[in-house]
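Fold and geometry: a report
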Amino acid sequence: MARNPMSVVPSLVSYMATGFHLFCEQEEKYPYRSDILDIIDFYYQYPREAMAKLPRQDNMVVDYDSLVVDPTGTVLDVYTRLNLEMGEKYRETLKLETKNARKYKSTHDYSLEDMGLSRQAILSMYSDSYQDYQFDPLIEEAK
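Here's a quick rundown of the structure.

Basis of the calculations
- Residues numbered from 1 in each chain as written.
- Predicted model: local features only at pLDDT ≥ 70, side-chain atom pairs only at ≥ 80, totals over all residues.
- Heavy atoms only, no water.
- 1 Å grid on protein atoms, 1.4 Å probe; cavity = no way out; pocket = protein on both sides within 12 Å on 5 of 7 lines; lining within 4 Å.
- Points joined across faces, edges and corners; volume = space filled by probe spheres on them.
- Helix = DSSP H or I, 4+ residues; strand = E, 2+ residues; numbered from the N terminus.
- Nonpolar A, V, L, I, M, F, W, Y, C, P; charged D, E, K, R; others polar.
- Salt bridge = Lys/Arg side-chain N within 4 Å of Asp/Glu carboxyl O.
- Phe/Tyr/Trp six-rings, centres within 6.5 Å; stacked < 30°, edge-to-face > 60°.
- Buried < 20%, exposed > 50% of the residue type's maximum accessible area, 1.4 Å probe, protein only.
- Contact = heavy atoms within 4.5 Å.

Reported here for the second largest pocket is a volume of approximately 350 Å³. Considering the residues around the second largest pocket, the lining is formed by Arg48, Met51, Ala52, Arg56, Asn59, Met60, Val61, Arg81, Asp132, Tyr133 and Gln134. Considering every element that reaches the lining of the second largest pocket, the biggest residue donor is helix 2 (residues 33-52), with three residues. Broken down by class, the residue content of the lining of the second largest pocket amounts to five nonpolar, two polar and four charged.

This paragraph deals with the pattern of salt bridges. Inspection of every chain in the model, using the stated rule, returns four salt bridges. For Arg48, the salt bridge goes to Asp132, with nearest N and O atoms at 2.9 Å. Residue Arg48 is found in helix 2, and its partner Asp132 is found in helix 7 (residues 127-132); the two are separated by 84 residues along the sequence. Across the pair Glu88 and Arg91 runs a salt bridge whose closest N-O atoms are separated by 3.8 Å. Of this pair, Glu88 and Arg91 both sit in helix 5 (residues 88-102), three residues apart, roughly one helical turn.

As enumerated under the stated definition, the model contains nine aromatic pairs in all. Measuring from ring centre to ring centre gives 5.9 Å for Tyr44 and Phe135, while their planes differ by 75°; the resulting arrangement is edge-to-face. You can see Tyr44 sitting in helix 2 and its partner Phe135 sitting in the segment after helix 7, a full 91 residues away along the chain. Residue class for Tyr44 comes out buried when judged on its relative accessible area of 1%. By relative accessible area, Phe135 is classed as buried at 7%. Ring pairs connect the aromatic residues Tyr43, Tyr44, Tyr126, Tyr130, Tyr133 and Phe135, which therefore count as one cluster.

Right, let's talk about the environment of Tyr133 for a bit. Tracing the backbone shows Tyr133 in the segment after helix 7. Residues Tyr133 and Ala2 lie 131 residues apart in sequence; the distance between their C-alpha atoms is 7.5 Å.

This paragraph deals with the side chain of Asn4. Relative to the helices and strands, Asn4 resides in the segment before helix 1 (5-23). Asn4 sits in the buried class, given a relative accessible area of 3%.

Moving on: the side chain of Thr72. Here Thr72 lies in helix 4 (residues 71-81). Using a relative accessible area of 12% as the deciding quantity, one classes Thr72 as buried. Not counting residues within four places of it along the chain, the set of residues in contact with Thr72 comprises Leu94, Lys95 and Thr98.

Taken by themselves, the reported measurements are silent on function.
What follows is the structure in structure tokens.
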């Protein structure tokens, strides 16, 4: 599973900050930001390195945005790639969950600037990932 860093970075930094503030008294609004950025870098590097050791037909990258836009089609693609048959009950569950997912709206409110980051910084930090996973560098940060 791969998601564009322009979406991952603000989302994960915000998510982790919520947890840190819930369980600890933190003066900084986004504590441990640089550590989180390092974890995100590892999130992209490790699968790339692991997949490089396997024959191409034995690995697959699933685009997160494809899964969000078309969960049923994306899961069907994975099943096809793995030469698996999908049961009718699971297919119906996927269709139902797709309808439910389309209703979801995030309540997170954050900006890169507020986190002390910029689009250019993310593009630079994760340049290898943009190239290897063919992410769109023009995508707007997730809200």
